[in-house]
Amino acid sequence: MATQASRAAGRLMISPAVILLFLWMIVPLGMTIWFSFLRYNLLIPGDNPFVGIENYQYFFTDPNFWPALWNTLTLVLGVLAITTIGGILLALLLDQPMFGQGIVRVLVIAPFFVMPTVSALVWKNMFMNPVNGLFAWIARTLGFAPFDFLSAAPLFSIILIVAWQWLPFATLILLTALQSLDSEQLEAAEMDGAGAVSRFFYIMLPHLARAATVVILIQTIFLLSVFAEILVTTNGGPGNASTNLTYLVYSQSLLQYDVGLGSAGGIVAVILANIVAIFLMRMIGKNLET
Amino acid sequence: MGQIELKGVTKQFGDVEVIPPLDLQINEGEFVVFVGPSGCGKSTLLRLIAGLEDTSGGKIFIDGKDATDLRPAQRRLAMVFQSYALYPHMSVRKNIAFPLKMAKLSQAEIDKKVEGAAKVLNLSSYLDRRPGQLSGGQRQRVAIGRAIVREPAAFLFDEPLSNLDAALRVNMRLEISELHNSLKTTMIYVTHDQVEAMTMADQIVVLQAGRIEQVGSPLDLYRHPRNRFVAGFIGSPKMNFIGGAEAAKHSAHEIGVRPEHIKAGQSGEWQGRVTVSEHLGSDTYLHVQTDHGLINVRADGEIGLHHGDTVWLTPDPACIHKFDANGMTI
């Protein structure tokens, strides 16, 4: 790519892919923005008049909006806390030499390959079900009353399910980071009189900062849009106790057939995701600099 | 303080015996160099002394006390690693202060000691930089700084100069020697480079396959190698070995002559042809193909011999080493 001709040729060659990807992104986004300014309900046939920010006013004043916003943030932060802390602990454990290391490592990643609907159904019916579930059986065996997870603590249950799915991802990335730590650094720290705990906090944890940043950034992107797990377990309920923004948009646009309101919600979610991204980059983005 | 004694120390990795029973005495204030080809167990031996590896048998005494089962930090030894092993996320100041912080010294005391070490090592203006912003030689000095603030009983160096370029290596060699002269602390230094061993050591320990081949002062090893291995390992370029009839003349299985003890001239004992000549100005290295094999010659100053020239070689009779069939010196 040295000469002007080869640079021009290069641009020409990649242009189909770039143009396609750009259209792929900009057309749905443009249409969503356009729909969000229309009165557009599938149950009310006829014209779709331009109504300005009316849909946004409805969305923000919806009694479910603020709870959904808090639920979204609680879900993201809860899952992040469990997966990063749990991931670091699991990575430390898996880094120890042990029998059957290769097989164990493959098994650890397995939950990540189970699709969200399936894993949520498994958790709902086989673990958390108050009659047939494993947890209920354990509680009864120990003489306690079974706990109805999905109706008594719906958001917490969903956090558990989602964390279970994402824990392997965090563990795997943190494990590879841990393995890239120079063993001489740990030995030097040992010679310098640092015990196991000091070595973890002064040497390992700073080394893991960058990998943890990647884990947090990637997970945040996906966790802001958790949907399948909520749909198959609680349907956002009871009431709005487990409704997040994605689910709110779904319930307004599809359950109420209001394309305009749903589009407005979608745009709000996009803006919110960007605000979260900016905050995240401000807080932990410096870890990615060399 | 800083006397180290190994008694019957062994080390096995699985079924492989890396170090057969080994005895060694290192006196206080000595600069001891472990030297040997790669894989000879010299680094393992150092790590055994440091406590980073468990011994499979035998005892290690430091200052007369049994230290075999002590943890590394309790042995009062400081180690400088080949990769420097600096903590990349800490500033130079924090790197040097780390062992003191772990020893729970007061902040004022830590600051004083760090400043002192930085002054000795010319690091004062780099204290707030990260290791990544330093050159190889500076990183090496930080690693040494981290070792000296602890005021250890002995320093352990594991091939500390092998990551530096040639010019810097010579400099750091001098600095470490000077450091030893001013601190007077016992130092154990591992290297595969016999030049480093010869220039720095009070005592050289030559190792092969985990066994100690010979212990002695540099010149002692140079003049009186105990066997063929030590003779070949110490000295650069390598000693020439000649067997067969020529050795039988000296009633030996094999004889060895160092390149600097052979005279090249128009007449002499062995005739040969120059294959390669290296002219350094101060010395001339000749590779000569003779009836007894390829012989290296090192001559002082410039000799006008080039590829293809015929030359006669004469060994200095006083400097011929004789070996028996087992490779031991006669």
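Placed above this text is the structure.
Parameters and conventions
- Residues numbered from 1 in each chain as written.
- Chains lettered and ligands numbered in written order.
- Predicted model: local features only at pLDDT ≥ 70, side-chain atom pairs only at ≥ 80, totals over all residues.
- Helix = DSSP H or I, 4+ residues; strand = E, 2+ residues; numbered from the N terminus.
- Rg over C-alpha atoms; globule rule 2.2 N^0.38 Å.
- Buried ≥ 20, exposed ≤ 12 C-beta atoms within 10 Å, placed from the backbone.
- Contact = placed C-beta atoms within 7 Å.
- Core = buried A, V, L, I, M, F, W, Y, C linked by C-beta atoms within 7 Å.
- Domains from an automatic or database assignment.
- Pairing = 2+ DSSP bridges.
- Axes fitted to C-alpha atoms, helices over the stretch in contact; angles between N-to-C directions.
- Left-handed = near helix turned anticlockwise from the far one by under 90°.
- Nonpolar A, V, L, I, M, F, W, Y, C, P; charged D, E, K, R; others polar.
- Expected span 1.5 Å × (residues − 1).

Peer 1: Sorry, what's going on with the overall build of chain A here?
Peer 2: A count of helical and extended segments in chain A gives 13 helices and zero strands. Along chain A, helices (α) and strands (β) appear in the sequence α-α-α-α-α-α-α-α-α-α-α-α-α when read from the amino end. Relative to its length of 290 residues, chain A is extended, with a C-alpha radius of gyration of 24 Å against a globular reference of 19 Å. Viewed in the frame of its principal axes, chain A has a C-alpha envelope of about 80 × 75 × 30 Å. When the 290 residues of chain A are sorted by exposure, 32% land in the buried category. Taking contacts inside chain A between residues at least 6 apart in sequence as the whole, the part at least 24 apart equals 70%.

Peer 1: So what exactly am I meant to see when it comes to the overall build of chain B here?
Peer 2: Check the secondary structure of chain B and you find nine helices and 18 strands. Seen through its principal axes, chain B has C-alpha atoms that stretch 75 × 45 × 35 Å. Each of the 330 residues in chain B was classed as buried or not, and the buried ones make up 40%. In chain B, once contacts between residues fewer than 6 apart in sequence are set aside, the share between residues at least 24 apart is 63%.

Peer 1: Is there a simple way to think about the interface of chain B and chain A in this case?
Peer 2: Taken residue by residue, the interface counts 15 residues in chain B and 13 residues in chain A. The set of elements that each furnish at least two residues to the side of chain B that touches chain A consists of β6 (77–80) and α2 (92–102) of chain B. The element that contributes the greatest number of residues to the side of chain B that touches chain A is α2 of chain B, accounting for three residues.

Peer 1: How should the nonpolar core be read in this particular structure?
Peer 2: Within soluble globular proteins, side chains that are nonpolar tend to cluster in buried spots. One finds Leu174 of chain A together with Val33, Met79, Leu156 and Ile188 of chain B to be the most contacted residues of the largest nonpolar core, which totals 133 residues. A domain-level breakdown of this core finds at least three residues from each of domain 1 (4–231) and domain 2 (238–323) of chain B. Aside from chain neighbours lying at most four places away, what touches Met79 of chain B is Ala188 and Met191 of chain A together with Ala50, Ala147, Leu156 and Asp158 of chain B.

Peer 1: Can you help me understand the sheet that holds strand β10 (residues 211–216) of chain B in this one?
Peer 2: Each strand in a sheet pairs with its neighbour through backbone hydrogen bonds, running either in the same direction (parallel) or in the opposite one (antiparallel). Residue and element names in this part refer to chain B. Reading across from one edge, β6-β7-β8-β3-β9-β10 is the order of the six strands in this open sheet, with mixed pairing throughout. Each edge of the open sheet carries a strand with a single partner, namely β6 and β10. Taking each pair of neighbouring strands and ignoring which way they run, the sheet shows an average axis angle of 20°. Where strand β7 (residues 154–158) and strand β8 (residues 186–191) come together, five bridges link them in parallel fashion. Directly across from Leu156, in β8, lies its bridge partner Ile188.

Peer 1: What should I look at first to understand the packing of helix α3 (residues 65–95) of chain A against helix α10 (residues 196–223) of chain A in this one?
Peer 2: Relative orientation and spacing of two packed helices are given, respectively, by the angle between their axes and the distance between those axes. All names here are of chain A. Viewed as axis vectors pointing N to C, α3 and α10 meet at an angle of 145°, and their least axial separation amounts to 10 Å. When the axes of α3 and α10 are compared, the crossing they make is right-handed. Taking contact as the criterion, the partners of Leu75, Val76, Val79, Leu80, Thr83, Thr84, Gly87 and Ile88 in α3 are, on α10, Leu208, Ala212, Val215, Ile216, Gln219, Thr220 and Leu223. Class assignment of the residues belonging to the contact of α3 with α10 gives a composition of 10 nonpolar, five polar and no charged.

Peer 1: I would appreciate a short explanation of the environment of Leu38 of chain A in the present structure.
Peer 2: Residue and element names in this part refer to chain A. Checked against the element boundaries, Leu38 lands in the loop between α1 (4–36) and α2 (54–61). It is 39 Å that separates the C-alpha atoms of Leu38 and Val114, two residues lying 76 residues apart in sequence. Contacts of Leu38, omitting those with residues within four sequence positions, involve Asn48, Pro49, Phe50, Val51 and Gly260.

Peer 1: I tried to follow the sheet that holds strand β17 (residues 310–315) of chain B on my own but got confused; where do I start?
Peer 2: All names here are of chain B. Strands sit in the order β13-β17-β14-β15-β16 across an open sheet of five strands; the sheet is antiparallel. Looking at which strands have only one partner, the edges of the open sheet turn out to be β13 (262–265) and β16 (293–300). Neighbour-to-neighbour, the strand axes of this sheet turn through a mean angle of 40°, independent of strand direction. Two strands pair when backbone bridges link them, and strand β14 (residues 270–279) and β17 are joined in this way by four bridges, in the antiparallel orientation. If you follow Gln271 over to β17, its bridge partner there is Trp312.

Peer 1: Help me out: how do you make sense of helix α4 (residues 136–148) of chain B in this one?
Peer 2: Note that an α-helix has 3.6 residues per turn; residues three or four places apart therefore point the same way. All names here are of chain B. Spanning 13 residues, α4 covers 19 Å between terminal C-alpha atoms, matching the ideal 18 Å at 1.5 Å per step. Taken as a whole, α4 has its buried residues at Arg139, Gln140, Arg141, Val142, Ala143, Ile144, Gly145, Arg146, Ala147 and Ile148. Summarising the contacts, the buried residues of α4 are in contact with β6, α2, α3 (107–120), β7 and α5 (166–183).

Peer 1: What is the right way to read the pairing of strand β3 (residues 31–35) of chain B from this model?
Peer 2: The side chains of a regular strand alternate, residue by residue, between the two faces of the sheet. Residue and element names in this part refer to chain B. Of all five residues that make up β3, five are buried, and the element is covered over most of its length. Judged by which residues are buried, β3 turns out to be covered on both faces: Phe31, Val33 and Val35 on one side and Val32 and Phe34 on the other are all buried. Strand direction decides the pairing type here: β3 and β8, joined by five bridges, are parallel. Following the sheet pairing, Val35 is matched in β8 by Thr191. Where β3 lies against strand β9 (residues 203–208), four bridges are found, and the strand directions are parallel. From the neighbouring strand, Val33 faces β9, where its bridge partner is Ile204.

Peer 1: Looking at this structure, how should I read helix α1 (residues 42–50) of chain B?
Peer 2: Buried residues of α1 of chain B: Lys42, Leu45, Leu46, Leu48, Ile49 and Ala50 of chain B, and no others. Gly51 of chain B sits one or two positions beyond α1 of chain B and adopts a positive phi of about 95°.

Peer 1: Sorry if this is basic, but what is going on with the packing of helix α8 (residues 154–179) of chain A against α10 of chain A here?
Peer 2: Residues and elements named next belong to chain A. In the contact formed by α8 and α10, the axes pass within 9 Å of each other and the chain directions differ by 145°. The hand of the α8/α10 crossing is right-handed. Every residue of α10 that contacts α8 at Val162, Trp166, Ala170, Ile173, Leu174, Ala177 and Leu178 is listed here: Met204, His207, Leu208, Ala211, Ala212, Val214, Val215, Gln219 and Leu223. A breakdown of the residues in the contact of α8 with α10 according to their chemical character gives 14 nonpolar, two polar and no charged.

Peer 1: Just to check I follow, could you spell out unusual backbone geometry for this structure?
Peer 2: Excluding glycine, residues mostly have negative phi values, and the peptide bonds linking residues are mostly trans. Residue and element names in this part refer to chain B. At the junction of Ser236 and Pro237, the peptide bond is cis and its omega measures out at -5° in the coordinates. Mapped onto the elements, Pro237 comes out in the loop between α8 (228–233) and β11 (240–243). The phi dihedral of Ala209 is positive, around 50°, even though this residue is not glycine. Mapping Ala209 onto the fold places it in the loop between β9 and β10.

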